[in-house]
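Understanding the architecture of this molecule
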Amino acid sequence: MQQQQPSVRAVTIPFADLKDRGKDLGGFIEEGFGPQGLGIVSIAGVPGYPELRKRLLRLAPRIVSLPDDVKKQLEDPDSRYHFGWSRVEEKFESERWDTAKGSYFANPVFDVPTTDDELVTRYPSYCRPNIWPKDHLPELEIAFKGLGKLMLEVGLMLAHHCDRYVIQRGVGQYIGESLEKTLARSRCPKGRLLYYFPKSFSKQDEVSSWCGWHTDYGFLTGLTCGLFTRKSEEVPCPDIGTGLYVRTRDNQVVKVTLVDDELVYQIGETAEILSRGHLCATPHCVKAPSSEDASDVGRSTFVLFIQPNWDEPLKLPSEIRYHQECIPPTRTLAYGEYSERVLASFSGKSVEQTLMPQSKQRQAASTTNHRGSTTSNPRDPPPRSWGDSTRSDQNQHKKACHRREDGHLSSNDGDGRQRVPERRECTLLSVVSESRAGPLQLVDEGDQVIHGRSAGWAIPGRVAPRGGGGEIETRSRRKEAWRGETRRGRPPSRV
Ligand SMILES: O=C(O)CCC(=O)C(=O)O
Ligand SMILES: [Fe+2]
C-alpha cells in the first residue's frame, strides 16, 4: 500500500518585492533556503513568464518525435551530453537508473561561450557550442533562449537577496565579490529542457520513480512547474501525487505544490558549501503518475542551472560534505575544474579521461580505471562549524550518483591518485588542475620547460606546476600523481 506524502507550498515572493533591491527579504530567504527551510522559493507575478513557459515546454515532446537520425545529429557526446539532445540514463540512487528521461541542454545566453580551443577541451560541458535543430524545429532556439534568459534575470535578483541574507549572518564575502555579481558575469548558465517519458505504473513505485533523489551540484537552479501531455495532447496533471518531491531538513519527504505560473528556485551544493550552510542544498526527486490510466502521460519541464564562470576561483572550506574526492589539498580550484571533476565522477570516468577527446577516451578506457563517485546522503547534517544549523541527525548512507554514457558502466574503485612528495620520472596523461597564479609547465631533468599545459597525452618527462598548488595526474607503469611545490619566476610556457 503506497503511503501518501504530505503536500507543502513553497514560500512565495512577489516579483514586485524581489526586484526591489533595498527590500529586506531575509525572512523569506531563511524560510525558503535556510537551515530549517523547505529548500524551495517560488516567485509570483513574473511578467511574461506563463507564456514563455508554455511556449517552450510544448516543444519537448516535439523534440522526442523527431526522426532518430535527426536526434542523433543533435547529440554531443564530447560534452558528456551536456549540449544538445540526449536520452542518457542517469543514476542518482545506488541501485536504480533513471531511464525514462530525455533532455535538451543549451546555454540560453551564449551560443559560443568561448573560441579558445584549449578551454573547450578543458571544460567541455561549459565551453562547447550550442546545437540547435535549425532545420527541423527552428522555434526551439527562440523559445529556449527566451525562457532561459528570463529565469536567469529573476535568479540574479534572488541571488542579490541571498547575498544580503548570508552576509547579515556574518559569512562575509563567501563567493568572489558576491553571489549575484559572480553569477552575472558567468558565461555558462545552462538550461535543460526535460521530457519524462510515460512510465507504466507499478505498485512498487517510489516517489523517485521518474527522477532519482539528488541535490544539484551548482549554485542556484531555476525550475518550472511541469506540463503534462498524452499522445501530444496537453492534459491536466494526472494525479496530485505526481511531480517534484523534497526531503525536508527533518528528513520528511514532502510533495511540493507548485503553481503553474510561478517560477521556482532551489539551492545547489556549491552555494551551500560557500555560504557555510546558511543556504542549504535541496534534495529532490520526481514522481511519475501512480494510476494505471495515466501510464501514457509524459511530463515536460525546464531547469536552469545558474553557476559561475569556469575560471571563477572557489575557496572551499575544509569541512564539506559533498564531493570531497574532487577537492585538491590546496582547497582552491576554478569552478570549471571542480564541476568537471564532479561530472566526471557521475560518468564513472576518470578526470583525465573526461578531458580527452572521445577517441582518446575510448583508447584509454581499456587501460585506466573507471571512477564513480559516492557522496554522502544529501540530508546528512553539515559540520557544526556551519553555524547554528539544528538539523536532526540522520542515517548515514551512501548515495551513488553516476551518469551512464555509451553503455559505459561506472564503478567505485577510486581514482588511483596519490601524493608523491618529490618530482619524479613519469608520463603525463593530462593536467587535472592549475593554480590561479599561472599555467602549468612540464620541465625536464635539467629544469628545461618541455611543454605547456594541456599539451598532449603521453609526454615522458618530469612535471612541475608553476605558481603553486597545481596538480597533475600522471600514469607510468603504475598510476601516479605528482603534486607540486611552487616554482616561481618562470615565464608562462605555451608551446
Ligand atoms: O523535473 C524536475 O522537476 C526536476 C529536474 C531536476 O531535478 C534536474 O534536472 O536536476
Ligand atoms: Fe535537480
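Residues numbered from 1 in each chain as written. Chains lettered and ligands numbered in written order. Predicted model: local features only at pLDDT ≥ 70, side-chain atom pairs only at ≥ 80, totals over all residues. Heavy atoms only, no water.

An unreviewed UniProt entry lists the protein under the name Fe2OG dioxygenase domain-containing protein, with Zea mays as the source organism. Taken verbatim from the UniProt record of the protein, the Sequence similarities (unreviewed entry) comment is "Belongs to the iron/ascorbate-dependent oxidoreductase family." (UniProt positions renumbered as here; feature names shortened; annotations may be inferred.)

**Side note on the overall build of the protein**
Counting its secondary structure elements, the protein contains 13 helices and 28 strands. Sorting the 495 residues of the protein into buried and exposed places 61% on the buried side. A fraction of 75% describes how many contacts in the protein between residues 6 or more apart in sequence connect residues 24 or more apart. Taken as a whole, the protein presents about 19,800 Å² of accessible surface, with 48% of it coming from carbon and sulfur. (Helix = DSSP H or I, 4+ residues; strand = E, 2+ residues; numbered from the N terminus. Buried < 20%, exposed > 50% of the residue type's maximum accessible area, 1.4 Å probe, protein only. Contact = heavy atoms within 4.5 Å. Areas by Shrake-Rupley, 256 points an atom, 1.4 Å probe, with all protein chains shown as cover.)

**A word on the coordination of the iron ion (ligand 2)**
Distances from the iron ion (ligand 2) to its protein donors, namely His214 (NE2), Asp216 (OD) and His284 (NE2), fall within the range 2.1 to 2.2 Å. One chain supplies every donor for the iron ion (ligand 2), spaced along it as H-x1-D-x67-H. Here His284 lies in strand S16 (residues 284-287) and His214 lies in strand S9 (residues 211-214), a separation of 70 residues in the sequence. Relative accessible area serves as the criterion here: at 8%, His214 is assigned to the buried category. Among the residues examined, His284 registers a relative accessible area of 5% and is labelled buried. (Donors = N, O, S within 2.8 Å, 3.2 Å for Na, K, Ca; no water.)

**Here we look at the site of ligand 1**
Neighbouring ligand 1 are the residues Arg192, Leu194, Tyr196, His214, Asp216, Leu244, His284, Val286, Arg299, Thr301, Val303 and Phe305. One of the side-chain N or O atoms of Tyr196 is found 2.6 Å from an oxygen atom in ligand 1. Here an oxygen atom of ligand 1 sits 3.2 Å away from a polar atom, N or O, in the side chain of His214. Contact with the protein chains removes 97% of the 290 Å² of surface that ligand 1 exposes when unbound. When contributions to the shell around ligand 1 are tallied by element, the ones reaching two or more residues are strand S8 (190-196), S16 and strand S17 (297-306). (Near = heavy atom within 4 Å. Polar contact = N/O pair within 3.5 Å; in protein donor to acceptor, adjacent residues only side chain to side chain.)

**Considerations on helix H3 (residues 49-57)**
What H3 keeps buried is the set Tyr49, Leu52, Arg53, Leu56 and Leu57. Projected down its long axis, H3 shows its buried positions confined to an angular sector of 115 degrees, all on one face. (Arc of directions from axis to C-beta.)

**Things to note about the packing of H3 against helix H8 (residues 139-168)**
Packing of H3 against H8 brings their axes to within 9 Å, and their N-to-C directions diverge by 140 degrees. Between H3 and H8, the angle falls in the class oblique. The two elements H3 and H8 meet at a crossing, and its hand is left-handed. Between H3, through Tyr49, Leu52, Arg53, Arg55 and Leu56, and H8, the contact on the second element is made entirely by Leu140, Ile142, Ala143, Phe144, Gly146, Leu147 and Leu150. Split by residue class, the contact of H3 with H8 holds nine nonpolar, one polar and two charged. (Axes fitted to C-alpha atoms, helices over the stretch in contact; angles between N-to-C directions. Parallel < 35°, antiparallel > 145°, perpendicular 65-115°, else oblique. Left-handed = near helix turned anticlockwise from the far one by under 90°. Nonpolar A, V, L, I, M, F, W, Y, C, P; charged D, E, K, R; others polar.)

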